[in-house]
Amino acid sequence: MSGDAAANQFDVIIIGAGPGGYVAAIRAAQLGLKTACVESRGTLGGTCLNVGCIPSKALLQSSEAFSHVQHKIAEHGVRVSGVELDLPQMMKRKDEVVKGLTRGIEGLFRKNKITWLQGHGRFAGPAKAGIHQVAVDKADGSSTIHATKTVIIATGSEPVELKAIAPFDHKFVIDSTDALALDKVPGHLVVIGAGVIGLEMGSVWKRLGAKVTVIEAADRVLPPMDGAVSAAMHKILVKQGMEFLLGAKLTGAKPEGKSVRVDFEHEGAKKDLKADKVLVAVGRRPNTFKLGMEAIGLSLQPNGRVPVDGHFKTPVAGVYAIGDVIDGLMLAHKAEDEGIACAEIIAGKAGHVNYDAIPNVVYTWPEVASVGITEEQAKSKGLDYKTGQFPFAANGRAKAMGDTDGFVKIIADGKTDRLLGVHMVGPNASELIAEAAIAFEFAGSAEDLARSSHAHPTLAEAIKEAALGVDKRTIHM
Ligand code: NAI
């Protein structure tokens, strides 16, 4: 269909311009496919760029700077007085970071000759002679219909709402998007869920001066992470002043006058708290509504996700899906990798994603990062494994920085020494984990990490030392 095809006929239409969708669009266009991307938001980049990864990292960076100047800089012999928070400026900077990046994607679309179909995308009816019909509903009520050989569903996810007990009113009971744009620091912020969003946004507002209480149903923070990581982060965040109620069951959150009452069960008793805001961060659910999937006979899995095979193909010919709408971790970079692989498969190439080598990061301070399996998973699988661990307190660079909280933990196969899991809590762990992810990609061993030269003094030496620790030959401990 490419070449002399009519203007509204495409080789591939991608529904959703988040990290999965826009990256798939660029790769498809690079491979010579006539590509369009449907996006209803006024800007490209999806949740991640607009109301997720990027604005939260901007606020994490700014709030960490504020906290650093207040609490840490004095130990470096730098005296500062009269430190003040300028929240409107902090928010303005965050908005400018977002604007710059979303505009950048518009530029990439122009450069790659990708058509942005602005509006809500849906299947208009069953494919005719192998050609799908995608309707784009505009804000003014009008619709256009576009023909395409293939469609990629990349519609992402949205926050889970606890409708029965704590419905969002976006004023007192808020979601992660609201938490990125508060106009003043809440006196008391209660966070429901000690997962990634709970700890990241809880950290932002704690650093800016809020009292933060986290209510978590599980018996630990970051439940899916390695037990040593969960335990360390719990201790570190408590030291930073965050309060945790673990094993607590939320029973209600209701605005009362100018505050909100939070009811929950904890340690066998019914309890309540008064807060200024309640942030509900109990997970996200796939965005599969109003896509007209019934029109093409595509049914969801019982978990609400779109079924795909190992090549991102749904059971409907010509329809693919990637990112948060399919199984797996809801991570921007997982969606990007799938977007590239999916576009390559559509173009007749051999796209592939190695799910064993996808890093997972929590941008608290210190940061948390991991790749591979946890020690609990190694145990439950009955694997023969060995571990090595090295604390940042014994790392010269961390000492010089004054950031010694955390450690690197490596899990390797007991016989072959092949890496099974790398977990870390520490300064810049989000960057350090790339070394481990590459080692996973090359099916590396602990010995490979231990034998690789690491510049001195660097934080990365803690990885080398933990790798040496797998064979009990750490040097600096
Ligand atoms: P999450 O799945 O990370 O954490 C949710 C937490 O809420 C869990 O610890 C769970 O046990 C707890 N929970 C569930 N129901 C509860 C209840 N009724 N009462 C108390 N606790 C309850 O989900 P989160 O933090 O909302 O993040 C959503 C998604 O967004 C995740 O899949 C995450 O991977 C992704 N994300 C990733 C980021 C990153 O990579 N840095 C940043 C932000 C989000």
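See the structure above.
Here's what I pulled together on the structure shown here. (Residues numbered from 1 in each chain as written. Predicted model: local features only at pLDDT ≥ 70, side-chain atom pairs only at ≥ 80, totals over all residues. Heavy atoms only, no water.)

### A few points about the layout of surface pockets
Cut-off, in case you're wondering: Only protein atoms enter the calculation, which uses a 1 Å grid: trapped sets of points that fit a 1.4 Å probe without letting it out are cavities, open sets showing protein on both sides within 12 Å along at least five of seven lines are pockets, and any residue with an atom within 4 Å of a point is a lining residue. Grid points are joined across faces, edges and corners, and a volume is the space filled by probe spheres set on the points. Secondary structure counts use DSSP, requiring at least four H or I residues in a row for a helix and at least two E residues in a row for a strand, with both numbered from the N terminus. Only Asp, Glu, Lys and Arg are considered charged, only Ala, Val, Leu, Ile, Met, Phe, Trp, Tyr, Cys and Pro nonpolar, and every remaining residue, Gly among them, polar.
Computed from the structure, the second largest pocket encloses a volume of approximately 430 Å³. Along its surface, the second largest pocket is lined by 18 residues, and Glu-64, Ser-67, His-71, Lys-72 and Gln-240 are the ones closest to its centre. Listed by contribution, the elements that provide at least two residues to the lining of the second largest pocket are helix H3 (53-72) and helix H6 (196-207). With five residues, the top contributor of residues to the lining of the second largest pocket is H3. Across the lining of the second largest pocket, the residue classes break down as three nonpolar, seven polar and eight charged.

### Looking at the packing of aromatic side chains
Aromatic ring pairs: the centre-centre distance and the angle between the two ring planes describe each pair. Inclusion rule: For Phe, Tyr and Trp, where Trp contributes only its six-membered ring, two rings pair if their centres lie within 6.5 Å, and the inter-plane angle classes them as stacked under 30 degrees, edge-to-face over 60, or tilted in between. Two conditions define a charge located above a ring, namely a distance within 6 Å from the ring centre to NZ of Lys or CZ of Arg, and an angle within 35 degrees of the ring normal.
Under the criterion given, the structure shown has zero aromatic pairs. The ring centre of Phe-10 lies 4.4 Å from the NZ or CZ of Lys-34, which sits over that ring.

### A closer look at the sheet that holds strand E15 (residues 277-280)
Within a sheet, adjacent strands bond to each other through the backbone by hydrogen bonds, running parallel or antiparallel. Put simply, the rule is: By this definition, two strands are paired if DSSP reports at least two bridges between them.
Strand order in the open sheet formed by five strands is E8-E15-E9-E10-E11, with parallel pairing between adjacent strands. The open sheet has two free edges, formed respectively by strand E8 (173-174) and strand E11 (243-246), since each of these has just one partner strand. One ladder, built from five bridges, connects strand E9 (residues 188-192) with strand E10 (residues 211-216); its direction is parallel. What sits directly across from Val-191, in E10, is Val-214.

### Here we look at the site of the ligand
Rules: We call a residue near a molecule or strand as soon as one heavy atom of that residue lies within 4 Å of the molecule or strand. Counting of polar contacts relies on pairs of N or O atoms within 3.5 Å, with two restrictions inside protein: one atom must be capable of donating a hydrogen and the other of accepting it, and residues adjacent in sequence are counted only when both atoms are side-chain atoms. In these tables, accessible area is a Shrake-Rupley quantity obtained with a 1.4 Å probe, and a residue counts as shielded only by the protein chains included in the view.
Residues in contact with the ligand amount to 18 residues; listed here are only the nearest, Ile-197, Glu-200, Glu-216, Gly-283 and Val-361. Between the ligand and Val-196, the relevant distance is 3.2 Å, taken from an oxygen atom to a main-chain nitrogen or oxygen of the residue. One nitrogen or oxygen atom from the main chain of Ala-217 is found 3.1 Å from a nitrogen atom belonging to the ligand. Isolated, the ligand exposes 840 Å² of accessible area, and the fraction of that covered by the protein chains is 75%. Where the shell around the ligand is concerned, the elements lending two or more residues are H6 and E10. Among the elements that take part in the shell around the ligand, H6 stands out by supplying three residues, more than any other.

### Quick look at the packing of helix H1 (residues 19-30) against helix H8 (residues 332-346)
Operational definition: Note on geometry: axes are lines fitted to C-alpha atoms, helical ones only across the stretch in contact, with angles between N-to-C directions running from 0 to 180 degrees. Working definition: roughly parallel below 35 degrees, roughly antiparallel above 145 degrees, roughly perpendicular at 65 to 115 degrees, and oblique for all remaining angles. By definition, turning the near helix anticlockwise from the far helix through less than a right angle yields a left-handed crossing, and turning it clockwise yields a right-handed one. What makes two residues a contact is simply this: any of their non-hydrogen atoms within 4.5 Å.
Two numbers describe how H1 lies on H8: the axes approach to 7 Å, and their chain directions differ by 30°. In this view, H1 runs roughly parallel relative to H8, as classed from their interaxial angle. For the pair H1 and H8, the crossing hand works out as right-handed. Residue-level inspection shows Pro-19, Gly-20, Val-23, Ala-24, Arg-27 and Ala-28 of H1 in contact with H8, the latter providing Ala-332, Ala-335, Glu-336, Gly-339, Ile-340, Ala-343 and Glu-344. Residues that form the contact of H1 with H8 fall into these classes: eight nonpolar, two polar and three charged.

### What to know about the environment of Ala-446
Note the following rule: Residue burial is assigned from relative accessible area. The probe radius is 1.4 Å, only protein chains are included, and a residue is buried under 20% of its type maximum, exposed over 50%, and partly exposed in between.
Within the secondary structure, Ala-446 sits in helix H12 (residues 446-451). For Ala-446, a relative accessible area of 1% corresponds to the buried category. For the pair Ala-446 and Thr-314, spaced 132 residues apart in sequence, the C-alpha to C-alpha distance is 38 Å. The residues touching Ala-446, leaving out its near neighbours within four places in the chain, are Ala-412, Asp-417, Leu-419, Ala-467 and Val-470.

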